[in-house]
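Coordinate analysis (summary)
The residues making up each chain are set out below.
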Amino acid sequence: MYSTMPQASDNKLVMLVDDTPDNLKMLSDALDEAGYMVVVATDGASALERLDFVLPDIVLMDALMPVMDGFEACRRIKAHPVAAHVPVVFMTGLTEPEHVVRGFQAGGIDYVTKPIDTDVVLARLDAHLRNARIMSVAMNAMDAVANAVVVLDGQGQVTWKTSKARLWLSEYFDHAESSAGLPPVLTTWIAQQLERPRAEDAAAFTVTAGNGRDHGNANADGGAGAGAGAAAASQNAGRRELRLRLTASRKAGEYVLLMDERELPAAASDTLAAAYQLTAREGEVLQWLAKGKTNRDIGEILGMAPRTVNKHLEHVYVKLGVETRAAATALVLTHRHKGAA
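Each chain has its residues counted from 1, following the order in which its sequence is written. For this predicted model, a pLDDT threshold of at least 70 governs which residues receive local features, and a threshold of 80 or more governs which side-chain atom pairs are given and counted, while totals over whole chains, interfaces and linings are taken from all residues. Computation of side-chain values: all heavy atoms of the structure, hydrogens and water removed.

**Digging into the overall build of the protein chain**
Going by this rule: Each helix corresponds to a stretch of at least 4 residues labelled H or I by DSSP, and each strand to a stretch of at least 2 residues labelled E; elements are numbered beginning at the N terminus. Here, residues are in contact when the closest pair of their heavy atoms is within 4.5 Å. For every accessible area listed, the method is Shrake-Rupley and the probe measures 1.4 Å; residues are considered covered only by the protein chains on display.
When helices and strands are counted, the protein chain shows 12 helices and 14 strands. For the protein chain, restricting intrachain contacts to residue pairs at least 6 apart in sequence, the fraction spanning at least 24 positions comes to 54%. Working note: accessible area of the protein chain is about 18000 Å², and carbon and sulfur atoms make up 52% of it.

**Notes on the packing of aromatic side chains**
Counted only if it meets this: For Phe, Tyr and Trp, rings pair up if their centres lie within 6.5 Å, where Trp contributes its six-membered ring, and each pair is then called stacked (planes under 30 degrees apart), edge-to-face (over 60) or tilted (otherwise). Relative accessibility under 20% of the residue-type maximum defines a buried residue, over 50% an exposed one, and the middle range a partly exposed one, all with a 1.4 Å probe and only protein chains included. In this scheme, the term charge over a ring applies when either NZ of a lysine or CZ of an arginine sits within 6 Å of the ring centre and within 35 degrees of the ring normal.
Here the structure, examined in full by the defined rule, presents two aromatic pairs. Centroid distance Phe71 to Phe90: 5.3 Å. Interplanar angle 50°. Geometry classified as tilted. With a gap of 19 residues between them, Phe71 in helix H3 (residues 70–78) and Phe90 in strand S6 (residues 88–92) connect regions that are remote in the sequence. Both residues of the pair, Phe71 and Phe90, count as buried. For the pair Phe104 and Tyr111, a centre-to-centre distance of 6.2 Å together with 75° between the ring planes defines the contact as edge-to-face. Here Phe104 falls in the partly exposed class, since its relative accessible area comes to 41%. The class of Tyr111 is partly exposed, set by a relative accessible area of 27%. The ring of Tyr36 is capped by Lys12, whose NZ or CZ atom sits 4.4 Å from the centre of that ring.

**Quick word on the environment of Met91**
Within the secondary structure layout, Met91 lies in strand S6. Overall, the relative accessible area of 0% leaves Met91 in the buried class. For the pair Met91 and Gly70, spaced 21 residues apart in sequence, the C-alpha separation works out to 9.0 Å. Apart from the residues lying within four places of it in its own chain, the contact partners of Met91 are Leu16, Val17, Asp18, Leu27, Leu60, Met61, Asp62, Ala63, Val112, Lys114 and Ile116.

**Quick word on the sheet that holds strand S5 (residues 58–62)**
What counts, and what does not: The pairing criterion for strands is at least two bridges between them, as found by DSSP. Note on definitions: angles span 0 to 180 degrees between N-to-C directions of axes, and those axes are lines fitted to C-alpha atoms, for helices only across the stretch in contact.
The five strands are arranged S3-S2-S5-S6-S7 in an open sheet whose pairing can be described as parallel. Edge positions in the sheet fall to strand S3 (37–41) and strand S7 (110–113), since each has one partner strand and no second. Strand-to-strand twist across the sheet, computed as the mean angle between neighbouring axes with direction ignored, equals 20°. Summarising the sheet, strand S2 (residues 13–17) and S3 pair through five bridges and their orientation is parallel. In the strand pairing of S3, Leu16 is matched with Val40.

**With respect to the pattern of salt bridges**
What counts here: Salt bridges are identified by distance alone: a Lys or Arg side-chain nitrogen within 4 Å of an Asp or Glu carboxyl oxygen.
Scanning all chains against the criterion turns up 10 salt bridges. Two residues, Asp29 and Lys25, come together in a salt bridge whose shortest N-O distance is 3.0 Å. Note that Asp29 and Lys25 are positioned in helix H1 (residues 21–33) at a spacing of four residues, about one turn of the helix. A relative accessible area of 42% means that Asp29 is categorised as partly exposed. The partner of Arg102 in a salt bridge is Asp69, with the nearest N and O atoms 3.4 Å apart. Of the two residues, Arg102 sits in helix H4 (residues 97–105) while Asp69 sits in the loop between S5 and H3, which places them 33 residues apart along the sequence. Through salt bridges with shared partners, one network takes in Glu72, Arg75 and Arg76.

Right, here's the structure in full:
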């Protein structure tokens, strides 16, 4: 958890990271003359510390530095909950293919070779900033219309999320809004979908939860992958259900996780609880009883001892005017049938 949110800039703010004083002075002067604001760090660790207080528009980073090199610093920037979208351009004298590949694998968007040509650096920064602004506008538009969207790469790793997606993941999966990834249950499900061959029908996966927490009641149907149409999943939290749909993006090797929320109709056990003046806890116990759960199961789900569950059931039987589990379940089913008629 970050105690201070980094401040975004309305200007062209560049974070310059280099351990060589001469390079810092030359580039700082050139950037300043071109109208950029500059924040300086002399190693990767210092650059990461500054991200807690200021959010640059782009990072220009030396690849080889003491303490923490540019490749590792870039990987950590891409894992940062707020700065992951910031483009990173490497400065390097390493022009062998394996070194260039290493920079891109770390998350870099481009590289310039040493000795530095400031005109080339400025031209590339300007091009990447234009692209970053277009992406920022698109992301802000998605947030403005309150869409819950998560974009994934070909391996199922999160590229970015809208604010609504972060909120719903937090509400339904107890997942920190600042987290860059996805809840484990969704990560596993997505990996399974991406491994499956294309098919006509969409796969379905349902996680049933009580009070917004997963209790391991998961069902999967179908055998389709996300490459064809879409895979679907849902998560319940009280009277609301979150539907998740995984589909291929128009961009090759990219997937989109779409979410929508809907109100669930009142369960038969809920309306029955109201009719017979059951307490909220008694209603929950009756709900799980009608689903065939044992006292031990209900205790684990609701976080209470089996003896406490039994005490609640005694009160439920008295209020319903029944004497057995079977009779209570039958009453719930009868009430459900009447509600559907």
